[in-house]
Amino acid sequence: MGATVVDVSDEEATSEPQQIRVYLLDDHEMIRRGIRGLLESEGDIVVVGESDSAVEATSRIPALRPDVAILDNRLPDGSGIDVCRDVRSLDPSIAALILTSYDDDDALFSAIMAGAAGYVLKQVRGNDLLDIVRRVAAGQSTLDPSVTAQVLERIRSGPPVNKQLESLTEQEGRILDLIGAGLTNRQIAREIHLAEKTVKNYVSSVLAKLGMSSRTQAAIYAVKNTNSD
């Protein structure tokens, strides 16, 4: 009798596709339960972790390495946008969706600068959220290019900025430009060949000299200044 031939390719073809791994961040337990139930009812999505604080999410998400992190923008101890920036500086392969109750151009711009793949209102329909999760897990961005362009144009055409730019050193000025280009501290460190901790110190100095309290303010300043000529 001849030997039985097993077609390995057929067996592989019938294997189930890998599930999309999702992390949830929202300070309301009922919202997390609702989103978890929606996602996991589909079979191709699994929630691998959740939390109600920005601090906890920032430490847990890189360790769990989900495909998609759904991040509530407004939290008692921070924002989903800050979590997005911090997480993606450690692992750019993690796609982030900012979930918010407010349609806010400033928040949208901040989400774009932080590297978010999507900006979703909490009023989103369930089927639409499922579609968005699948799309960003596949490497797509759901940010409308026309909306992004409108936000940037509004910032460029805003009122004149203050004249404190001259107080920055040449290196600080270069780092400000890179912040305006949307780079994280880690990316800036690679770009100008400095330690990430050194870059963080430079960023703190830039914020202090410009009288600003957040990286987003510095990014907006840089965009305005670059396009003011």
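Residues numbered from 1 in each chain as written. Predicted model: local features only at pLDDT ≥ 70, side-chain atom pairs only at ≥ 80, totals over all residues. Heavy atoms only, no water.

Peer 1: Looking at this model, I keep getting lost on the environment of Glu166. Mind explaining?
Peer 2: Secondary-structure assignment places Glu166 in the loop between α7 (145-156) and α8 (170-180). The class of Glu166 is exposed, set by a relative accessible area of 72%. Sequence separation between Glu166 and Leu210 is 44 residues, and the spatial gap between their C-alpha atoms is 9.8 Å. (Helix = DSSP H or I, 4+ residues; strand = E, 2+ residues; numbered from the N terminus. Buried < 20%, exposed > 50% of the residue type's maximum accessible area, 1.4 Å probe, protein only.)

Peer 1: I tried to follow the environment of Leu176 on my own but got confused; where do I start?
Peer 2: The topology assignment puts Leu176 in helix α8. Along the primary structure Leu176 and Ala219 are separated by 43 residues, whereas in three dimensions their C-alpha atoms are 7.3 Å apart. Excluding anything up to four places from it in sequence, Leu176 contacts Leu165, Leu168, Val206, Leu210, Ala218, Tyr221 and Ala222. (Contact = heavy atoms within 4.5 Å.)

Peer 1: Is there a simple way to think about α8 in this case?
Peer 2: In an α-helix, one turn spans 3.6 residues, which is why side chains three or four residues apart end up on the same side. Within α8, burial applies to Glu172, Gly173, Ile175, Leu176, Leu178, Ile179 and Gly180. Gly182, located one to two residues past α8, shows a positive phi value of around 90°.

Peer 1: Would you take a moment to explain the pairing of strand β7 (residues 118-121) for this structure?
Peer 2: For a regular strand, the rule is simple: side chains alternate between the two faces of the sheet. Pairing of strand β6 (residues 95-100) with β7, which is carried by 4 bridges, proceeds in the parallel orientation. Within the sheet, the bridge partner assigned to Leu99 lies in β7 and is Val120. This β-α-β element, β6 to helix α5 (residues 105-114) to β7, shows right-handed connectivity. (Pairing = 2+ DSSP bridges. Right-handed = clockwise from strand over helix to strand, strands pointing away.)

Peer 1: Which parts of the structure should I look at to understand helix α3 (residues 54-64)?
Peer 2: For α3, every residue scored as buried is listed here: Ala54, Ala57, Ile61 and Pro62. One side of α3 carries all its buried residues, which in axial view fall inside an arc of 110°. The exposed set on the far side of α3, more than 90 degrees from its buried face, consists of Val55 and Ala63. Lining the buried residues of α3 we find β1 (20-25), β2 (45-51), β3 (68-72), β4 (74-75), β5 (78-79) and α4 (80-90). At the exit of α3 stands Arg65, carrying a positive phi of roughly 50°. (Arc of directions from axis to C-beta.)

Peer 1: For this particular structure, what's the right way to read the pattern of salt bridges?
Peer 2: Here the idea is simple: oppositely charged side chains can pair when their charged atoms come close. Overall, the coordinates contain 14 salt bridges when judged by the stated rule. Taking the shortest distance from any N to any O, the salt bridge between Arg36 and Glu40 comes out at 3.5 Å. A residue pair is termed a helical-turn pair when its members lie 3 or 4 positions apart in one helix, as Arg36 and Glu40 do in helix α2 (residues 29-40) at 4 residues. For Arg85, the salt bridge identified is with Asp82, shortest N-O distance 3.0 Å. On the criterion of helical spacing, the pair formed by Arg85 and Asp82 is a turn pair, its members being 3 residues apart in helix α4. Judged by relative accessible area, Asp82 falls into the partly exposed class, the value being 36%. Residues joined by salt bridges that share partners form a network here, namely Arg32, Arg36, Glu40 and Glu50. (Salt bridge = Lys/Arg side-chain N within 4 Å of Asp/Glu carboxyl O.)

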